[in-house]
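# Coordinate inspection notes
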Amino acid sequence: MVAAPPNDSVGIEVRELSKRLRGKEVLGSVNLVVPRGTVCAIEGRNGAGKTTLVRILATVMSPDSGTARINGYDTESHGLAVRRSIGVSFANERSLYWRLNAYQNLQFFGRIAGMPKASVAARSTLLLEELNLTAVADGQVARMSTGQRQRLMLARALLTEPVVTLLDEPFRGLDDDGIHLLKRVIARLKESGNTVLVVAPMIRGLDWVADSMHRLEGGVIRTIDKSESDGSASELS
Amino acid sequence: MSGIIAGFWGLVAFRFVSKLVNSGQFSGDSTSYFRFTVVGLLLVSILVPTATGASMSARNEQVQGTLEYLASQPVPRLALGLSWSAYGFIESSVIAIIVAVLTVMIGFNVAHIDIPVVIATIFLSIVIFSAIGNLGAALVIMLQQGMSLVAGLLSVVVIISGTLFPISEFPSWIQAISHLSPLTYALEALRSALLTNQAPTSIAKDLAILTGFALMLMPLSSFGLSRAFRVAQRKGSLGTY
């Protein structure tokens, strides 16, 4: 989808990133490097700044200081190039058009992303099938369950075949089958060379697929030793 | 359908009002005031939704919760603003064309049609009102309000620009203000192209002024929209309403 990126080895790079919202420090001095083709998982309590980080990477929020780059493109100065590289799923099911059905939502977003009609149709069918949404694809989003909407948001994020995928709380509302499905998708993305960032309150069930695991706390990120998650894998299994 | 009925019904009312108007430039012909208002109302019925459509769509996206996701899509933000204007424009144009056809049935006829002038006037007006709409959308994105300001401003512009009355009927200070409105020149050019045999220099002057408005407002609205997204990004308000 994107012309030759300026940096081949780094998918996501965040340097000294800070952000205050309504007078409160949300991100202090965040540093993060995610090599291309790897999966990075970040956990943090509610309000820790996970969504703020994803929003900055998705170019819908500006940092107060520091830099964020996707595939070498700065999120502030090369917003459009960043948006062409990413697929994002925000933790907001209202970001879907509830009066449209699943298929129409994908059609709409695929078309505004500049995909040819036939490609959107083929890709939508494939993703709806992979995410087990074919049976409900013709029904209004308003009538879907939270888990189904969550999977539809994932399908939408993957529609343009992005090289970097940002997933904000992708496990929210998913049942066990949905969680397994999502993990399979993340593993598939990794196999295909995609860079994946997952942020969630709990990431411990991702240790088998994540290349790096971190905790966002007090506005800063610290790396978690994978062994820290041993014994807690059941939380997302 | 309701838009077509409302538009047609409004013009039917003016068909009868025109029978009462028999003074000034409308004396001697009971249909001349009707023709005057038809041109005004049809143009306004396209331009106002084009302008308000952008701020309404931006507000709808905000309230629905889809604005933030749209802003994360690989599309220039200006294109989003233009697509919001386009929706209002397309819908209102279809309605206006149907109403125009129906209006012929109740006595609307034109003296002559200068097609190039009509096309140029409508095109320039749409560009201008799309730009105004994008400035309105910028307000909504930045402040999460501003729709009523846009609607209020447009209703004033519609009246003072001579949609329903010739501006010569207004007090001189309103006439002075009306010359700041692009709609004044659009209406003058369109009426000249459809209803009167005005000198080409007069039409050319109106079109030149409209071109000036378009050239000024297009970059201004582009800057305004881009600035609004920047401000909202800094405030972190794209996902809130």
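Located above this text is the structure these notes cover.
Residues numbered from 1 in each chain as written. Chains lettered and ligands numbered in written order. Predicted model: local features only at pLDDT ≥ 70, side-chain atom pairs only at ≥ 80, totals over all residues. Heavy atoms only, no water.

## Quick notes on the overall build of chain A
Rules: Put simply, DSSP marks the helices as runs of H or I at least four residues long and the strands as runs of E at least two long, and each gets a number from the N terminus on. Here the globule rule is a power law, 2.2 Å times the number of residues to the power 0.38, and the radius of gyration is based on C-alpha atoms. Type-normalised accessible area, obtained with a 1.4 Å probe on protein chains alone, sets the label of each residue: buried when under 20%, exposed when over 50%, and partly exposed for intermediate values. Residue contacts are counted whenever heavy atoms from the two residues lie within 4.5 Å of one another. Exposure was quantified through the Shrake-Rupley algorithm and a 1.4 Å probe, taking into account, for residues, occlusion by the shown protein chains and nothing else. Positive residues here are Lys and Arg, negative ones are Asp and Glu, while His and the chain termini are left out of the count. Charge placement uses NZ in Lys and CZ in Arg. For Asp and Glu, CG and CD serve respectively.
Broken down by element type, chain A carries 7 helices and 10 strands. Taking 2.2 N^0.38 as the reference for a compact globule, 237 residues should give roughly 18 Å; the C-alpha atoms of chain A span a radius of gyration of 17 Å, in line with that estimate. Overall, the C-alpha framework of chain A stretches about 45 × 40 × 35 Å when taken along its three principal axes. A burial count over chain A gives 56% of its 237 residues as buried. Taking as baseline every contact in chain A between residues at least 6 positions apart, the subset at least 24 positions apart corresponds to 69%. Total accessible area on chain A is roughly 9900 Å²; 49% of this is exposed by carbon and sulfur atoms. Chain A carries 30 positive and 26 negative side-chain charges, and their two centres are separated by 7 Å.

## Observations concerning the interface of chain A and chain B
Definition in use: Once two parts are brought into contact, the accessible area they lose, counted with a 1.4 Å probe and summed over both, makes up the buried area. In the sections that follow, a salt bridge refers to a side-chain nitrogen of Lys or Arg positioned within 4 Å of a carboxyl oxygen of Asp or Glu. Counted as a polar contact is a pair of N or O atoms within 3.5 Å, where, for protein atoms, one must be capable of donating a hydrogen and the other of accepting one, and residues adjacent in sequence contribute only when both atoms are in side chains.
With 25 residues of chain A at the contact, the number on the chain B side is 23 residues. In total, about 2200 Å² of surface goes out of reach between chain A and chain B, with carbon and sulfur atoms giving 50% of it. Inspection of the region where chain A meets chain B yields 2 salt bridges. Taken together, the connections running from chain A to chain B amount to 14 residue pairs in polar contact (both at pLDDT 80 or more). Secondary structure elements with two or more residues in the side of chain A that touches chain B: β1 (10-21), α2 (79-85), α3 (102-112) and α5 (146-158) of chain A.

## Quick notes on the pattern of salt bridges
All names here are of chain A. This structure, assessed with the given rule, holds 9 salt bridges over all chains. For Glu130, the salt bridge is made with Arg188, and the minimal N-O distance between the two is 2.7 Å. Of this pair, Glu130 sits in helix α4 (residues 117-130) while Arg188 sits in helix α6 (residues 176-191), and the two are 58 residues apart along the sequence. The partly exposed category is assigned to Arg188, whose relative accessible area is 30%. Between Glu169 and Arg172 there is a salt bridge, and its shortest N-O distance comes to 3.4 Å.

## Re the environment of A:Asp74
Residues and elements named next belong to chain A. Considering the arrangement of structural elements, one finds Asp74 in strand β5 (residues 73-74). By relative accessible area, which is 11% here, Asp74 ends up buried. Spatially, the C-alpha atom of Asp74 lies 24 Å from that of Ser192, the residues being 118 residues apart in sequence. In this view, Asp74 contacts Thr67, Ala68, Arg69, Gly79 and Val82; residues no more than four positions away in its chain are not counted. Polar contacts involving the side chain of Asp74 include one to the main-chain amide nitrogen of Ser77, which spans 3.0 Å.

## What about the sheet that holds strand β4 (residues 65-70) of chain A?
Hydrogen bonds between backbone groups are what pair the strands of a sheet, and the pairing can be parallel or antiparallel. All names here are of chain A. Inclusion rule: Strand pairing is defined by DSSP finding a minimum of two bridges between the two strands. In this analysis, axes come from line fits to C-alpha atoms, helices being fitted only over the stretch in contact, and the angle between any two N-to-C directions falls in the range 0 to 180 degrees.
The 4 strands are arranged β2-β1-β4-β5 in an open sheet whose pairing can be described as antiparallel. Two strands lie at the open edges of the sheet, namely β2 (24-35) and β5, each paired on one side alone. Looking at chain direction, β1 and β4 are connected through 5 bridges and run antiparallel. Residue pairing for β4: Ile12 is matched across the bridge by Ile70. Of the strands in this sheet, β1, β2 and β4 touch helix α1 (residues 50-57), which is tilted by about 120 degrees from β1.

## With respect to the environment of A:Val60
Residue and element names in this part refer to chain A. By the element assignment, Val60 lies in the loop between α1 and β4. For Val60, a relative accessible area of 1% puts it in the buried group. Between the C-alpha atoms of Val60 and Leu174, which are 114 residues apart in sequence, the distance is 26 Å.

## Some details on the sheet that holds strand β7 (residues 164-168) of chain A
All names here are of chain A. Reading across from one edge, β6-β7-β8-β3-β9-β10 is the order of the 6 strands in this open sheet, with mixed pairing throughout. Among the strands making up the open sheet, the edge pair consists of β6 (86-89) and β10 (220-223). Here the average twist between neighbouring strands, direction ignored, is 20 degrees. When β6 meets β7, the two strands line up parallel, connected through 4 bridges. If you follow Val88 over to β7, its bridge partner there is Leu166. Lying over the sheet, α6 contacts β3 (39-43), β7 and β8 (195-200), oriented at roughly 150 degrees with respect to β8.

## Quick look at a nonpolar patch on the surface
In plain terms, the rule: Residues enter a patch when their relative accessible area is above 30% and they make no salt bridge; the linking distance is 9 Å between like charges and 5 Å between nonpolar side chains (Val, Leu, Ile, Met, Phe, Trp, Tyr).
Judged by side-chain polarity, B:Ile90, B:Val94 and B:Ile98 come together as a nonpolar surface patch covering roughly 250 Å² of accessible area. The topology assignment puts B:Val94 in helix α4 (residues 77-104).

## Quick look at the packing of aromatic side chains
Heads up, the rule is: In this scheme Phe, Tyr and Trp rings, the latter by its six-membered ring, pair at centre separations within 6.5 Å, and the angle between planes marks the pair as stacked below 30 degrees, edge-to-face above 60, and tilted otherwise. We call a charge positioned over a ring when the NZ of a Lys or the CZ of an Arg lies within 6 Å of the ring centre and within 35 degrees of the ring normal.
Throughout the structure, instances matching the rule amount to 8 aromatic pairs over all chains. With centroids separated by 5.9 Å and ring planes inclined at 85 degrees, the aromatic side chains of A:Phe90 and B:Tyr69 adopt a geometry described as edge-to-face. Of this pair, A:Phe90 sits in the loop between β6 and α3 while B:Tyr69 sits in helix α3 (residues 67-71), which puts the two residues in different chains. In this structure A:Phe90 comes out as buried when scored by relative accessible area, which is 2%. Assessed through its relative accessible area of 2%, B:Tyr69 is described here as buried. Ring centres 5.2 Å apart and planes at 90 degrees place the aromatic pair A:Phe109 and B:Tyr69 in the edge-to-face group. Of the two residues, A:Phe109 is situated in helix α3 and B:Tyr69 in helix α3; the pairing between them involves two chains. Each member of the pair, A:Phe109 as well as B:Tyr69, carries the same accessibility label: buried. Here the aromatic residues A:Phe90, A:Tyr97, A:Phe108, A:Phe109 and B:Tyr69 are joined through ring pairs into a cluster of three or more. Between the NZ or CZ atom of A:Arg149 and the centre of the ring of A:Trp98, over which it lies, the distance is 3.9 Å.

Interpretation note: all reported values are geometric properties and have no functional meaning in isolation.
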